[in-house]
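# Overview (structure and organization)
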Amino acid sequence: MMPAKRAVYLVILVSTGMTASVLAESGVHWPSFRGVRAGGVAEGFSTPTKWNGETGENIKWKTRIPGLAHSGPVIWGNRLFVTSAVAVVEGGEGELKVGLYGNIAPVNDDTAHTWTVYCLDKRTGDMIWSKDAHTGVPKIKRHTKATHANCTPATNGRYVVAFFGSEGLYCYDVAGKLIWKKDLGLLDSGYYAMPGAQWGFAGSPIIHENRVIVQCDIQKDSFIAAFDIKDGREVWRTPRDEFPTWSTPTIHESPGRTQVVVNGFKHIGGYDAKTGRELWRLRGGGDIPVPTPVAAHGLLFITNAHGAMA
């Protein structure tokens, strides 16, 4: 069990160059959860096979980030963006308890938090700016293994989008100016079989062309939606008959069609990226789905949890 007072450290390995050759822009980018198209691949760069945070072996830099967060960093050029949820009262983050122990109960915590977006220099770890998006008592409880900042942000080099679930969707420019924010309501992704077991929201936003796309599979009124990245205008919203999930959508482009591919318990499927129209669906996946779909070799790879239970 970890102590109540803690901070997250963002650690960068020596060989963390990551290329996005499929993007039109030149440079080194890691724009969203799992990188370009959720592929999780950095072509052309070697990766250290071992490192040590205490001795500094193969560590280029280490920067303290306050609070608790499971969100991953994203990179555009020499700027790195990450988020956190910081308790207003020092030491108020509570426990982060990992491992196998089978407890589905949420953390009972009414401590106010501040949800913050950070921008760092990728080369040095120096803080360039930080912006507080929202302060208040979390509207949804978290699991003891989770945090109140689980969603990885997304960037296209001009805008940075941070999603904090029930605390809202926020868009900044890369200089830290707030461009727009959206309140998407109460997004409760708790256990479908026991709604009182609130576990927190975790689906990360993605950016495709000039749209921000979010998948919100929750206890009631699940949906997938797209927003104009310039002003936050809702472009389309498609309801989903779905139990809570924690997956991030993936963009898949093929001749004549660009689709948003989503994981699910009852509804694995694809949606037209321009209109939100449902294109296809599958049933028979497992409950509590978390993994993001991956497209490779002309195939879509989708996996979830406990097998054919839908």
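The residue numbering used here restarts from 1 in each chain and proceeds along that chain's sequence as written. The predicted nature of this model means local features are confined to residues of pLDDT at least 70 and side-chain atom pairs, given and counted, to a pLDDT of 80 or more, with totals for whole chains, interfaces and linings taken over all residues. Processing note: side-chain calculations cover all non-hydrogen atoms of the structure and skip hydrogens and water entirely.

Only DSSP runs of H or I reaching four residues or more are called helices, and only runs of E reaching two or more are called strands; each is numbered from the N terminus. Counting through the fold element by element, Arg240 comes out in strand E15 (residues 234-240). Here the term buried applies to any residue with accessible area under 20% of the maximum for its type, exposed to any over 50%, and partly exposed to those in between, with areas from a 1.4 Å probe on protein chains only. The buried category is assigned to Arg240, whose relative accessible area is 5%. The term polar contact refers here to a pair of N or O atoms within 3.5 Å; inside protein, the definition further demands a hydrogen-donor-capable atom paired with an acceptor-capable atom, and it admits residues adjacent in sequence only when both atoms are side-chain atoms. Reaching out from Arg240, the side chain makes a polar contact with the side chain of Asp217 at a distance of 2.8 Å. Those residues within four positions of Arg240 in sequence are excluded, and the remaining contacts are Gln215, Asp217, Ser222, Phe223, Ile224, Val262, Asn263, Gly264, His267 and Tyr271. The contact criterion used is simple: two residues touch if any of their non-hydrogen atoms lie within 4.5 Å.

Glancing now at the packing of aromatic side chains. In this analysis, rings of Phe, Tyr and Trp, with Trp reduced to its six-membered ring, are considered paired at centre separations within 6.5 Å, and the interplanar angle assigns stacked below 30 degrees, edge-to-face beyond 60, and tilted for intermediate values. A complete count under the given rule lists ten aromatic pairs for this structure. Pairing Phe243 with Phe265 gives two aromatic rings, centres 5.6 Å apart and planes at 45°, and the pair type is tilted. Taken together, the positions of Phe243 in the loop between E15 and strand E16 (250-254) and Phe265 in the loop between strand E17 (257-262) and strand E18 (268-272) put the pair 22 residues apart, joining distant regions of the chain. Owing to a relative accessible area of 29%, Phe243 belongs among the partly exposed residues under this scheme.

Before going further, it helps to examine the nonpolar core. Grouping buried Ala, Val, Leu, Ile, Met, Phe, Trp, Tyr and Cys residues that are joined through side-chain atoms within 4.5 Å yields what is termed a nonpolar core. Ranked by internal contacts, the top residues of the largest apolar core, which has 20 residues, are Phe163, Leu169, Leu187, Val212 and Val214. For this core, the secondary structure elements donating two or more residues are strand E9 (159-163), strand E10 (169-173), strand E13 (211-216) and strand E14 (222-228). Discounting residues that sit within four places of it in the chain, Leu187 has contacts with Ile140, Phe163, Gly165, Ser166, Phe201, Cys216, Ile218 and Phe223. By size, the runner-up hydrophobic cluster in this structure holds 15 residues, among which are Ala69, Val74, Ala85 and Tyr172.

Right, let's talk about the side chain of Thr114 for a bit. Topologically, Thr114 is positioned in strand E6 (residues 113-121). Within the local environment of Thr114, its side chain forms a polar contact with the side chain of Thr135, the two groups lying 2.8 Å apart. Ignoring sequence-local partners within four residues, the contact set of Thr114 consists of Ser84, Ala85, Val86, Val88, Asp132, His134 and Thr135.

Attention now goes to empty space enclosed by the protein. In this analysis, the protein atoms alone were mapped onto a 1 Å grid. Cavities are point sets where a 1.4 Å probe fits without being able to get out; pockets are open sets with protein on both sides within 12 Å along at least five of seven lines; lining residues have an atom within 4 Å of a point. Grid points are joined across faces, edges and corners, and a volume is the space filled by probe spheres set on the points. One pass over the structure, following the stated rule, counts two cavities of 30 Å³ or more. Size it by volume and the largest cavity reaches roughly 120 Å³. In this structure, the largest cavity is lined by 15 residues; those nearest its centre are His148, Phe164, Glu167, Gly200 and Phe201. Residues are grouped as follows: Ala, Val, Leu, Ile, Met, Phe, Trp, Tyr, Cys and Pro are nonpolar; Asp, Glu, Lys and Arg are charged; all remaining types, including Gly, are polar. For the lining of the largest cavity, the class distribution of residues is eight nonpolar, six polar and one charged.

Our focus in this paragraph is the pairing of strand E5 (residues 79-87). In terms of burial, E5 is largely enclosed, as eight of its nine residues are buried. In this description, strands pair whenever DSSP reports at least two bridges between them. As defined by bridge partners, strand E4 (residues 74-76) adjoins E5 across three bridges and the pair is classed as antiparallel. The residue of E5 that forms the bridge with Trp76 is Arg79. Sheet topology note: the E5/E6 ladder contains nine bridges and is antiparallel. Bridge pairing in E6 links Val82 to Tyr118.

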